[in-house]
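# Geometric and topological summary
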Amino acid sequence: MPPLRIAPSILSADFGRLADEVARLTAAGADYIHVDVMDGHFVPNLTIGPPVVRALRRATHLPLDVHLMIERPEMWIERYAEAGADLIHVHAEACPHLHRVVQQIRSCGRRAVVALNPHTPLSVLDYVLEDLSMVLLMTVNPGFGGQSFIPQMLPKVRALRHLIASRGLQVDIEVDGGIKADNAAELVAAGANVLVAGSGIFDTPDWAATIAAMRKGAQALAR
Ligand code: DX5
Ligand code: ZN
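Residue positions are given per chain, counting from 1 as you read along its sequence in written order. Chain A is the first chain written and ligand 1 is the first ligand written, with later ones labelled in order. Given that the model is predicted, a residue must reach a pLDDT of at least 70 before its local features are reported, and side-chain atom pairs must reach 80 or more before they are shown or counted; all residues, however, enter totals for whole chains, interfaces and linings. Heavy atoms from the whole structure form the basis of all side-chain values; hydrogens and water molecules are not counted.

## Side note on the site of ligand 1
Proximity criterion: a residue is near a molecule or strand once any of its heavy atoms comes within 4 Å of it. Ligand 1 sits among 20 residues. The nearest are Asp36, Gly143, Asp176, Gly198 and Ser199. In the analysis that follows, any N or O atom pair within 3.5 Å is treated as a polar contact, provided that within protein one partner can donate a hydrogen and the other can accept it, and provided that, for residues neighboring in sequence, both atoms belong to side chains. Taking Gly178, its main chain carries an N or O atom lying 2.8 Å from an oxygen atom of ligand 1. Within the side chain of Ser199, one N or O atom sits 2.5 Å away from an oxygen atom of ligand 1. Throughout, the Shrake-Rupley method with a 1.4 Å probe supplies accessible areas, and for residues the shown protein chains are the sole cover considered. Protein chains bury 100% of the 380 Å² of accessible surface belonging to ligand 1 in isolation. To qualify as a helix, a DSSP run of H or I must reach at least 4 residues; to qualify as a strand, a run of E must reach at least 2; elements of each kind are numbered from the N terminus. For the shell around ligand 1, the secondary-structure elements that each account for two or more residues are β2 (33–38), β3 (64–69) and β8 (194–197). Considering every element that reaches the shell around ligand 1, the biggest residue donor is β2, with three residues. Charged residues are taken to be Asp, Glu, Lys and Arg, nonpolar residues to be Ala, Val, Leu, Ile, Met, Phe, Trp, Tyr, Cys and Pro, and polar residues to be all remaining types, Gly included. Of the residues belonging to the shell around ligand 1, the class tally is eight nonpolar, ten polar and two charged.

## So, the sheet that holds strand β7 (residues 172–176)
The strands making up a sheet are joined through hydrogen bonds of the backbone, oriented either antiparallel or parallel. By definition, two strands form a pair when at least two bridges between them are found by DSSP. Pairing within the open sheet is parallel, and its eight strands lie in the order β1-β8-β7-β6-β5-β4-β3-β2. Every interior strand has two partners, whereas the edge strands, β1 (5–8) and β2, have only one. Strand-to-strand twist in this sheet, taken as the mean axis angle between neighbours without regard to direction, amounts to 20°. In the sheet, β2 pairs with β3 via six bridges, with the strands oriented parallel. Counterpart to Ile33 in the pairing with β3 is Leu64. Only the stretch in contact is used when fitting a helix axis, every axis being a line fitted to C-alpha atoms; angles between N-to-C directions are given from 0 to 180 degrees.

Rendered as structure tokens:
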């Protein structure tokens, strides 16, 4: 199994104190900072753009995991890459020319990630999987933090891990939405190795303890 990474989502942060919040997450043991970009069209919510990603880049040494929940992401890839995104996600549902957009991310020297909404079948990955650093399986419908994990996503994670292994690839599986310390272990057992958590970390009093509990649960299952 590839190494476990915890990627707190700053969607749950205090946007007036983002640099402090990111410094606190870094000190609490986060591996990536997950940045949710929403355009008010692909999803019914509006969040942040490249200037904020640039400011985050100055606030942490951790990789910025930039989840673009936007229409026409091909218009924006270069700007997010220049702003300091390390991993750039596009939604398969937003890309009629998904293969081309994946190559565009790679040609900017960034790690390409394809995100799938809960209802989107894994078959859309068939001809791009080899070019991806990671696949993001949404475990809620995207747009908002604080929603409940959709249990039907567990077999989807298992099926994707099986597909990746059957092709002999090293592709990370990230899960996003409704992930907490108490369901992290079952997702890792199913094959996920990058866990996004917004409210599951921010709504707890001790972020370092919550991140440690997520790692511990996952390690216990690995034994
Ligand atoms: C949802 C976002 C998530 C969100 C997760 O559209 O992509 O990253 O912040 O929030 P929680 O962990 O609270 O479900
Ligand atoms: Zn996200």
